[in-house]
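Here is what each chain is made of, one letter per residue.
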Number of protein chains: 2
Amino acid sequence: MTLGTPLRRLRSEDLRTAAELRRSATSQGVTPDDRFDQWWAQRSAAGSFAVDRVAFHELRGWHEHPATGDLRHDSGKFFQIGGLAVETDHGPVGRWAQPIITQPEIGVLGILAKKIGGVLHCLMQAKMEPGNVNLVQLSPTVQATRSNYTRVHRGSPIRYLEHFTGARRGRVLVDSIQSEQGSWFYRKRNRNIVVETEEDVPAHEDFLWLTVGQVVELLRRDDLVNMDARTVLSCMPIAATGEGALHTTGEVLSWLTEIRSRYTMTATAIPLREVPVWRRGADEIYREDRKYFSIQAVSVRADTREVPGWTQPLLVPHHQGVAAFLARRIEGRPHVLVQARMEPGYVNGAELAPTVQCMPANYADSRYRPRYLDEVLAAGPDRVLFDTVLSEEGGRFFHARNRYLVVEVPDDFPLAEPEDYRWLTVDQLTELVRHSHYVNVQARTLLACLHSLW
Amino acid sequence: MTLGTPLRRLRSEDLRTAAELRRSATSQGVTPDDRFDQWWAQRSAAGSFAVDRVAFHELRGWHEHPATGDLRHDSGKFFQIGGLAVETDHGPVGRWAQPIITQPEIGVLGILAKKIGGVLHCLMQAKMEPGNVNLVQLSPTVQATRSNYTRVHRGSPIRYLEHFTGARRGRVLVDSIQSEQGSWFYRKRNRNIVVETEEDVPAHEDFLWLTVGQVVELLRRDDLVNMDARTVLSCMPIAATGEGALHTTGEVLSWLTEIRSRYTMTATAIPLREVPVWRRGADEIYREDRKYFSIQAVSVRADTREVPGWTQPLLVPHHQGVAAFLARRIEGRPHVLVQARMEPGYVNGAELAPTVQCMPANYADSRYRPRYLDEVLAAGPDRVLFDTVLSEEGGRFFHARNRYLVVEVPDDFPLAEPEDYRWLTVDQLTELVRHSHYVNVQARTLLACLHSLW
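Residues numbered from 1 in each chain as written. Chains lettered and ligands numbered in written order. Predicted model: local features only at pLDDT ≥ 70, side-chain atom pairs only at ≥ 80, totals over all residues. Heavy atoms only, no water.

## A look at the packing of aromatic side chains
For step 1, the next point in the chain: On inspection of all chains with the given rule, the structure shows 22 aromatic pairs over all chains.
For step 2, the next point in the chain: Summarising the aromatic geometry, the rings of tryptophan 184 of chain A and phenylalanine 397 of chain A are spaced 4.8 Å apart at their centres and angled 70° between planes, so their arrangement reads as edge-to-face. With tryptophan 184 of chain A in the loop between strand S10 (171-179) and strand S11 (185-186) and phenylalanine 397 of chain A in the loop between strand S23 (384-391) and strand S24 (401-408), this residue pair connects regions lying 213 residues apart in the sequence. For the pair tryptophan 184 of chain A and phenylalanine 397 of chain A, a shared accessibility class is recorded, and that class is buried.
For step 3, the next point in the chain: Judged by centre distance (5.2 Å) and plane angle (80°), the rings of tyrosine 372 of chain B and tyrosine 421 of chain B are edge-to-face. Note that tyrosine 372 of chain B is positioned in the loop between strand S22 (356-358) and helix H7 (373-377) and tyrosine 421 of chain B in strand S25 (residues 421-425), a separation of 49 residues in sequence. For the pair shown, tyrosine 372 of chain B and tyrosine 421 of chain B are each scored as buried.
For step 4, the next point in the chain: Grouped by ring-pair contacts, the aromatic residues Tyr372, Phe413, Tyr421 and Trp423 of chain A constitute a single cluster.
For step 5, the next point in the chain: A cation over a ring is seen here: arginine 328 of chain A above tryptophan 423 of chain A, with NZ or CZ 5.7 Å from the ring centre.
For step 6, the next point in the chain: The aromatic ring of tyrosine 286 of chain B is capped on one face by arginine 290 of chain B, whose charged end is 4.0 Å from the ring centroid. (Phe/Tyr/Trp six-rings, centres within 6.5 Å; stacked < 30°, edge-to-face > 60°. Helix = DSSP H or I, 4+ residues; strand = E, 2+ residues; numbered from the N terminus. Buried < 20%, exposed > 50% of the residue type's maximum accessible area, 1.4 Å probe, protein only. Lys NZ or Arg CZ within 6 Å of the ring centre and 35° of its normal.)

## Quick word on the state of the cysteines
For step 1, the next point in the chain: Applying the stated criterion across every chain yields a total of 0 disulfides over all chains.
For step 2, the next point in the chain: Cysteine cysteine 358 of chain A shares no disulfide, and the gap to the nearest cysteine sulfur, in cysteine 449 of chain A, comes to 17 Å. (Disulfide = S-S within 2.5 Å.)

## Structural notes on the confidence of the model for chain A
Low-pLDDT stretches of the model should not have their predicted coordinates read in fine detail.
All names here are of chain A.
For step 1, the next point in the chain: On average, residues of chain A score 91 in pLDDT, and 94% of them are at 70 or above.
For step 2, the next point in the chain: Predicted confidence is poor over residues 1-11, with pLDDT under 50, and the contacts of this stretch with residues over four places away or in other chains come to 28 contacts.
For step 3, the next point in the chain: Per the prediction output, this complex has pTM 0.92; the corresponding ipTM is 0.90. (pLDDT = per-residue confidence, 0-100. Contact = heavy atoms within 4.5 Å.)

## Looking at the pairing of strand S13 (residues 207-211) of chain A
All names here are of chain A.
For step 1, the next point in the chain: For S13, a buried count of 5 out of 5 residues is recorded, marking the element as mostly surrounded by other parts of the structure.
For step 2, the next point in the chain: On S13, burial covers both faces: Phe207, Trp209 and Thr211 on one face and Leu208 and Leu210 on the other are all buried.
For step 3, the next point in the chain: In this structure, strand S7 (residues 119-128) lies alongside S13, joined through 5 bridges in antiparallel fashion. Across the sheet, glutamine 125 pairs through a bridge with phenylalanine 207, a residue of S13. (Pairing = 2+ DSSP bridges.)

## A look at the pattern of salt bridges
For step 1, the next point in the chain: Tallying each qualifying case throughout the model produces 59 salt bridges over all chains.
For step 2, the next point in the chain: The closest approach of N and O atoms between arginine 341 of chain B and glutamate 343 of chain B, which form a salt bridge, is 2.6 Å. Here arginine 341 of chain B and glutamate 343 of chain B have matching classes, each one buried.
For step 3, the next point in the chain: When salt bridges that share partners are traced, they join Asp175 and Arg191 of chain A together with Glu258, Arg262 and Glu419 of chain B into one network. (Salt bridge = Lys/Arg side-chain N within 4 Å of Asp/Glu carboxyl O.)

## Some remarks on the packing of helix H5 (residues 227-234) of chain A against helix H9 (residues 441-450) of chain A
All names here are of chain A.
For step 1, the next point in the chain: One way to put it is that H5 packs onto H9 with a least axis distance of 8 Å and a crossing angle of 70°. In terms of orientation, H5 lies roughly perpendicular with respect to H9. Packed against H5, whose contacting residues are Met227, Arg230, Thr231, Leu233 and Ser234, the element H9 presents Val441, Arg444, Thr445, Leu447 and Ala448 at the interface.
For step 2, the next point in the chain: Taken together, the residues that form the contact of H5 with H9 break down as 5 nonpolar, 3 polar and 2 charged. (Axes fitted to C-alpha atoms, helices over the stretch in contact; angles between N-to-C directions. Parallel < 35°, antiparallel > 145°, perpendicular 65-115°, else oblique. Nonpolar A, V, L, I, M, F, W, Y, C, P; charged D, E, K, R; others polar.)

Written out as C-alpha cells, the structure is:
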C-alpha cells in the first residue's frame, strides 16, 4: 500500500484528468473520422438482426403472474413489468397509476479508456438492441445488467467485463451510480464507470478506439450514440474547475434539499392488472385514450449478441419527446437553466432535469403546457446551439426518441428564477454528477452534448 | 438578484464558515459554562412529565390494521410499525424478517445560529421525549416531523420554525437530507439544516445560546446531547480543507460504488402479523428468543410539549450498543477506519459507518463476532480518546443507548484494509456529509465527537 496521497495531489490529479480529457476532446485520434464511417457502415451491415412484434402468449421464458398480471422473467431476474400507484403534492396532477418497469439490479455501463499516442481514447462498441432506431448504435465498452454479466441467460461471456469488475486493473476516472428514466423505470440505477488501462487491449471487430472529442462530435448525428454511452460520457470530469457561478454549490444543494423536503411523491407497487384506465390486449397493454406509451412484446434474432435469439416485452412511447436546456452567459460564464423534477421512479426525490422535458403531443390541448416549451420550440436557428434526435435505452424501450436541444436565450431574458428552476454552470453539473441522484438521465445527455459547445 | 458569486468566492466563503465554526469551537460564549448547568438543572426540574407503559389496546388515536396487524396512527400520518422481509448476499445472515418503523416524511432538524459578540452561537433546546434517558436532553432549535410542523396533532405551533421553512431568513450553513437507523427505520430521512440569522431572536426559557465548542464539549456527558442535535452538529463544515488523505475522495467514492453495486439487499414490506419468529402479547411484540428489541406502547404526559398528553408505540432495544472508530495518524494526519455497512432501511445502499457498530450481547456466543470489536473493548485507557454513552432518538426508541468510542490503535496496527473498510480523514467525512446517504447516523455522532478531539 502506498501512503499519503494528499488532497492537493488529488486536485492536481483531477485537473490532470480534466486536461487530458479536454486534449482528447480536441486532438486527432488514431482512428481517422472517415475510418469511423467505414467501420460503422460495415458493423451496421454485418449482423443479421430481426425484431418482430409478437403476442404476449408467444413470449418464451416470460410469464404472466397469475395473481397480479405482472410480466416476469421465469428466472425472477432481468426486469419485470408491474403497476405503480403515484400520489404527489407537486405539479398539476396529484394522483395516477401506470405500468412501470422494475429492475432492482445495478448494472454496469463501462468505458475502457487508454492513452494511445499520448491522447486518451475510449473503446466504443457497435451494439444492437431491439428497440434502437437503426438497431445498431454506438455504445460503451460494456453495457450489462447484473443478470447479463452473471450470465443468467447462459450466453457467451461479455467482452472486456474483467476491466470493470473485481480487482481494479487500471485508474478509475469515473465511478458513480446514476438513475435512469423515472417515469418508466422504478428505481432503476446503473453504475457509470470509466477505467483507464495501461494494458495492451486489442479491439474486437465490433469495437473501435475513438477520442472523447470524436465521440462528442458524433453526438450531433441523429440516433447514433446510445443513451448508455451518453450517460457515461456526461460523468467524465471534462469541465475546468473554479469558474464563476451565479449560485454557490452550497446554495444549489440547499435549494434542491428544500424541494426534496417540501414535496412528497409516494409510489406504491400495485398489480399490473389493477392499474385503472389501462387495458390488456393480446399483444399490447395500453391506456384507453392511447396516451403516453404502451407495453408490447417482440421476438429478437441477433447473431452478434451473447445469445442468438430471445423474446421480451418493451415499453413503446407513442410520441417523440423534447429535452432542452435554455442557456446563457452570466458575467461571461455559460449557464444553463436547470429544473428540479420529480418522477415516481427516482430513489431520492427530485433530480436536476433539463429546462424543458416533456412529450409536446401530450399537451397539445392542455392547460398544463410546460413552462419554457414555447421559448424552446420558437427559437430561431441562430439561437439553437444543439439540435439532435437521440434514442433512449433500446433494451427496454422501442424507438423512444427525444429531440435534444440547447437554446441560447436573448440578453433581455429574465434572470429571475421560478421556484423549481436555477441557473447552473456546466462545471457545477459536472461536479454534481460525481455523486448519485443529482442529475437525471436526460440532463446527463445534454451535459455530454454541452461538451461539444464550450 | 445579485450576480456572479464566483466559485473562488464560494471557497473562501466555505473557509470563512469553517474558520468561524472553529473559532466558535474554542471561544468563550455569552453563556458561561456554570450558567448552562444552572439552566439545565432548572429545565430538567421544570416540566411535569410521566411516561407509563400501556397495553396496545390502550393506545388512543392508533389502531391495529385489521388485515396486516400493522400499528398505524388514525390520521395515516406520523409513523407506522409494519413488517419487513430482508434478503441479501452481504454478510453472514442472508435472510430475515423483522418489525420496522416506517416514516416516509422528511422532517426538519434545524439549528438556528447567530453571531453574538463576534462568535457564532447555536440556539439549543431542552426538550423532553418519552424514550429519552433522563427524559430531557439537549436538542436542536427545531426538531419536527412534517406531521408535527403541519400540525396534524392540532397542538401549539413550533417555536422558531419560521427560520427554517419557506422564504430563507438567513445564511444557510448546512442543508442536507440524511438517513437514520437503517435497522429500525425504513427509509427514514431528515433534513439537517443550520441557518445563521442576523435578526434579534430572544431565547424562550427552554432555549439557550451556546457556542459550537460548548455543545461539542457537552457531548462528553452521558445522555445529554440528543441524536438530532448530534447529526446536525456533524454536518457543520468545521474541518479544515485540503489536508492529506490516504485515499483520494475519488478512490473512496469508487470503493463505495463498488460495494453498492456488488451486493444487493432487498427489503420488502410484509404484514406485521406475518413476521415469522415474532409474537404479539397484550403489551409487547417480541422475538421468541427475546433477542434484539421489542415493540411496546406508552402513555405520555408532558406539559412542555405542543400537546399535553398522548400515547404511542416505541421500539425498545434489549441491549446497549457499541459504536466506535479506530483512529490513527497516517503521515501526520488523523484518519478513522470507516466501514461500508448495509442496513435494510437505507435508501441508497451501503453507507459509511463506524469501524464497529453492534450490540455485543447479540454476539456473546456467536461465530459471527464483529471484526475489531475486541480491539475496541480491550483498549487500555491511554488509547481511548472518547468514551460516552449517548441516547438515540427518544421519540421513537425507548432508552436506546450506544457507547460511543474513539480508540487510537498502536503504531504497528496494520494499514491494510479488509474489503469493507477504508481509512478516511475527518475532512473527507465532513466533505461527504454535505451530500445525502454517505455517512450513517452513528458515524455522524462520532464525527461530531471527533470535533472535540482534533
